[in-house]
Amino acid sequence: LQTSENKRRQFVSDASHELKTPLASIKLLTDSILQNDVDMPTVREFVGDIGREADRLNTMSQKLLSLSRVESQQDGDCEIIYLSPTLQRVARMLRGIAEKSQVSIELDLKNDSPVLFLEDDLYQIAFNLAENGIKYNVPGGKLSISLSREEDNAIIRFSDTGVGIPEDAVAHVFERFYRVDKARSRNSGGSGLGLAIVRNLVERNQGRIHVESAVGQGSVFTVTFPVFDMEEE
C-alpha cells in the first residue's frame with residue numbers, strides 16, 4: 001500500500017509539473033498582450049503561441065487520461081486476431097503525415113500469427129510506435145514495420161532511420177514524462193507519456209517491448225507476444 005501511495009504521489013507531482021509549463025506560458029503571453037501596447041502583428045503572433053500551448057495541454061491531458069485508464073482498467077474481452085490487418089490500418093492512417101515529413105513506410109507483414117489480444121490495445125501500440133518512427137525521422141528517411149515468428153512468439157518490429165536515442169537514455173524511454181531531448185519533443189508535441197502508455201498496454205496483453213538505438217542511425221522497437229495457435233480437432 002505504501003509503495004502504491006508513493007507511486008500515486010509521484011505521478012501527481014510529475015503531472016502537475018508538466019502541466020504548469022504550458023499554463024505559465026499562456027499566462028505570460030496573455031499578460032504581455034493586456035499590459036503592453038503591442039501592435040496587431042505581435043498580438044497575432046502571441047495568440048498563435050497561446051493556441052499552440054493550449055494544444056499541448058490538450059494532448060497531455062488526453063494522454064494522462066489514457067495512462068490512468070490503462071493502469072486502472074481490468075483485462076477486457078480479448079479475442080483471437082491476426083496482427084496484419086491492424087498494422088495495415090495504422091500505416092494507412094499515418095501515410096499522410098509520413099508524406100508530409102518525407103518519410104516512406106514499408107510493410108513486411110507476410111509472416112502473420114494469431115494472438116489473443118484486445119484489438120484497441122494493438123492499434124494504440126502500433127499507432128504510437130509508428131508515429132514516433134515518423135516524427136523523429138529525417139527527410140528522405142524510412143519506417144519499416146515487419147512481422148515474424150520465433151517459436152511460440154509473434155514479433156512486430158518498428159525500424160526507423162531517424163535521429164536515434166543516446167545510449168544513456170535508452171533505459172529510460174518508457175518512463176513517464178521522460179524526454180530524450182526536451183526542446184525537440186516539445187516542438188513536435190511530445191508529452192513524454194506515449195511510450196509509457198505503450199509499455200503498459202504491451203504488458204497488459206502478456207507481451208514484452210525492447211528498443212535498440214544508435215544516434216544518427218535510427219531505432220528499432222521490438223514487441224513480442226505469445227502466439228495463440230488454435231488446435232485442430
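Above this note sits the structure.
Only a predicted model underlies this, so the values are computations on that prediction, with no experimental measurement involved.

(A) Seen up close, the overall build of the chain. Of the regular secondary structure elements, the chain holds seven helices and seven strands. Each helix (α) and strand (β) of the chain, taken in turn from the N terminus, gives the series α-α-β-α-β-β-α-β-β-α-α-α-β-β. Of all 233 residues assigned to the chain, the portion counted as buried reaches 40%. Summarising the internal contacts of the chain: among those between residues at least 6 apart in sequence, 72% fall at separations of at least 24. Carbon and sulfur atoms make up 49% of the accessible area of the chain, which amounts to about 13,600 Å² in all.

(B) View of the nonpolar core. Membership of the largest hydrophobic core comes to 41 residues, with the highest contact counts inside it found for Leu87, Leu129, Ile156, Phe158 and Phe221. It is helix H4 (residues 119-135) that provides the largest number of residues to this core, a total of seven residues. Leu29, Phe46, Ile50 and Leu57 belong to the second-largest nonpolar core, a separate cluster that totals five residues.

(C) The arrangement of the sheet that holds strand E4 (residues 142-150) in detail. Taken together, five strands build an open sheet; the order of strands is E2-E4-E5-E7-E6 and the sheet is mixed. In the strand order of this sheet, the two ends are held by strand E2 (104-108) and strand E6 (208-214), each with one partner. Going across the sheet, the axis of each strand differs from the next one's by a mean of 15°, ignoring polarity. Of the strand pairs in this sheet, strand E5 (residues 153-160) and strand E7 (residues 218-226) are connected by seven bridges, and their pairing is antiparallel. By the bridge assignment for E7, Ile155 is matched with Thr224. Along the sheet, H4 contacts E2, E4, E5, E6 and E7; its crossing angle with E5, the most-contacted strand, is approximately 25°.

(D) The environment of Arg56, seen in detail. Following the sequence through the fold, Arg56 ends up in helix H2 (residues 40-72). On the basis of relative accessible area, Arg56 is assigned to the buried category, the value being 13%. Taking C-alpha positions, Arg56 is 9.1 Å from Leu19, a pair spaced 37 residues apart along the chain.

(E) Up close: helix H7 (residues 194-204). The buried count for H7 comes to nine of eleven residues, which makes it a mostly enclosed element. Those residues of H7 lying buried are Gly194, Leu195, Ala196, Ile197, Val198, Asn200, Leu201, Val202 and Arg204. One or two positions beyond H7, positive phi appears at Gln206, with a value near 60°.

(F) Examining unusual backbone geometry more closely. In the Ramachandran plot, Glu151 falls in the positive-phi region, its phi being about 55° despite a non-glycine side chain. Looking at the element boundaries, Glu151 is found in the loop between E4 and E5. The exposure class of Glu151 is exposed, given its relative accessible area of 73%. The backbone of Gln206 shows a phi angle near 60°, a positive value even though the residue is not glycine. Position of Gln206 relative to the elements: it lies in the loop between H7 and E6.

(G) Up close: the packing of helix H3 (residues 84-100) against H4. For the pair H3 and H4, the least separation of the axes is 9 Å and the interaxial angle reads 35°. Crossing of H3 over H4 shows right-handed handedness. Here Thr86, Leu87, Arg89, Val90, Met93, Leu94, Ile97 and Ala98 of H3 lie close against H4, whose contacting residues are Glu119, Leu122, Tyr123, Ala126, Phe127, Ala130, Glu131 and Ile134. Its residues placed into classes, the contact of H3 with H4 shows twelve nonpolar, one polar and three charged.

(H) Spatial organisation of the pairing of E7. Judged by how many residues are buried, E7 sits mostly within the fold: seven of nine residues are covered. As judged from the seven bridges shared by E6 and E7, these two strands associate in the antiparallel manner. In the sheet register, Val211 faces E7, and the bridge partner there is Phe221. Linkage of E6 to E7, two consecutive antiparallel strands, is achieved through a turn of three residues, within which Gly216 is found at a positive phi near 80°.

Rules behind the numbers
Residues numbered from 1 in each chain as written. Predicted model: local features only at pLDDT ≥ 70, side-chain atom pairs only at ≥ 80, totals over all residues. Heavy atoms only, no water. Helix = DSSP H or I, 4+ residues; strand = E, 2+ residues; numbered from the N terminus. Buried < 20%, exposed > 50% of the residue type's maximum accessible area, 1.4 Å probe, protein only. Contact = heavy atoms within 4.5 Å. Areas by Shrake-Rupley, 256 points an atom, 1.4 Å probe, with all protein chains shown as cover. Core = buried A, V, L, I, M, F, W, Y, C linked by side-chain atoms within 4.5 Å. Pairing = 2+ DSSP bridges. Axes fitted to C-alpha atoms, helices over the stretch in contact; angles between N-to-C directions. Left-handed = near helix turned anticlockwise from the far one by under 90°. Nonpolar A, V, L, I, M, F, W, Y, C, P; charged D, E, K, R; others polar.

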